[in-house]
Amino acid sequence: YGDGLARGLAEFGVQAGDAVASLLSPDAPEQHCIELAAAVSGVVSCRVDAALGARGVRDALNEAEARVVVHDGSDEQLELLREAVPGFGGYASRTARAFFSPAVPSLKCFVSTALDMQPASHNYQHLLALDARPLELPPLADDAKPESLKDRWEQRKKAAQRDDDDRRPAAP
């Protein structure tokens, strides 16, 4: 699921280093998928506690320079977003136009994990459907390739063995 979500976020122009904010519970399955997507794509996952209230959420989104907000689609979170991000309630996610609010200028779109479609939000399950193509990851650095990791492991093992041998008392 992490690959599909990473691909879906990339479709919204989210790139490595961009922040994806989440109002989800830390133990929500979708939150774990966000973490996996962040790991494979290089985006920054930042969880924002809804208990901060509208001003606190707006400040956190600005501090993180969040490009996307993932929410659970509950009435409480929708109301919180309407208060925190002016323009959220009037935004139609199905248009080609990107979202913009001067209150949170970095924010480009919203994603709802609710099963039904939410106004002003893209559907999380639709993002996961993009998992059909293989995700293209940047090439590994030479020192991170499996064969070089194995070589380093062997070198460390030999060095540890030499250290053990040096510490043993000489035979009489």
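Our structure is the block above this text.
Residues numbered from 1 in each chain as written. Predicted model: local features only at pLDDT ≥ 70, side-chain atom pairs only at ≥ 80, totals over all residues. Heavy atoms only, no water.

## Here's the deal with the overall build of the chain
(1) Moving on: Along its length, the chain carries six helices and five strands.
(2) Moving on: N-terminal to C-terminal, the α/β element order of the chain is α-β-α-β-α-β-α-β-β-α-α.
(3) Moving on: Expressed as a percentage of its 172 residues, the buried residues of the chain come to 37%.
(4) Moving on: Residue pairs in contact within the chain that sit at least 24 positions apart in sequence constitute 64% of those at least 6 positions apart.
(5) Moving on: Summed over all atoms, the accessible surface of the chain reaches about 10300 Å², with 55% contributed by carbon and sulfur. (Helix = DSSP H or I, 4+ residues; strand = E, 2+ residues; numbered from the N terminus. Buried < 20%, exposed > 50% of the residue type's maximum accessible area, 1.4 Å probe, protein only. Contact = heavy atoms within 4.5 Å. Areas by Shrake-Rupley, 256 points an atom, 1.4 Å probe, with all protein chains shown as cover.)

## Description of the side chain of Gln77
(1) Moving on: With respect to the helices and strands, Gln77 occurs in helix α4 (residues 75–84).
(2) Moving on: With a relative accessible area of 7%, Gln77 lands in the buried category.
(3) Moving on: Excluding its chain neighbours within four sequence positions, the residues that come into contact with Gln77 are Leu23, His71 and Asp72.

## Overview of the pattern of salt bridges
(1) Moving on: Inspection of every chain in the model, using the stated rule, returns three salt bridges.
(2) Moving on: Among the salt bridges present, the one from Arg67 reaches Asp18, with a minimum N-O distance of 3.5 Å. Here the residue Arg67 occupies a position in strand β3 (residues 66–71), and Asp18 occupies one in the loop between α1 (2–11) and β1 (19–22), the gap between them amounting to 49 residues.
(3) Moving on: For Arg67, a relative accessible area of 21% translates into the label partly exposed.
(4) Moving on: When the shortest N-O distance is used, the salt bridge between Asp59 and Arg55 registers 3.9 Å. You can see Asp59 and its partner Arg55 sitting in helix α3 (residues 53–64), four residues apart, about one turn around the helix.
(5) Moving on: Arg55 gets classed as exposed once you look at its relative accessible area, which sits at 61%. (Salt bridge = Lys/Arg side-chain N within 4 Å of Asp/Glu carboxyl O.)

## Concerning the packing of aromatic side chains
(1) Moving on: Counted by the stated rule, this structure contains two aromatic pairs.
(2) Moving on: Aromatic side chains Phe88 and Phe110 sit 4.5 Å apart centroid to centroid with 65° between the ring planes, which places their arrangement in the edge-to-face category. Here Phe88 is found in the loop between α4 and β4 (109–112), whereas its partner Phe110 is found in strand β4, with 22 residues between them in sequence. The burial state of Phe88 is the same as that of Phe110; both residues are buried.
(3) Moving on: With a centroid separation of 5.0 Å and 80° between ring planes, the pair formed by Phe99 and Phe110 is classed as edge-to-face. Of the two residues, Phe99 is situated in the loop between α4 and β4 and Phe110 in strand β4; the sequence distance between them amounts to eleven residues.
(4) Moving on: Under the relative-accessibility criterion, Phe99 is labelled buried at 2%.
(5) Moving on: Within the aromatic cluster, the residues linked to one another by ring pairs are Phe88, Phe99 and Phe110. (Phe/Tyr/Trp six-rings, centres within 6.5 Å; stacked < 30°, edge-to-face > 60°.)

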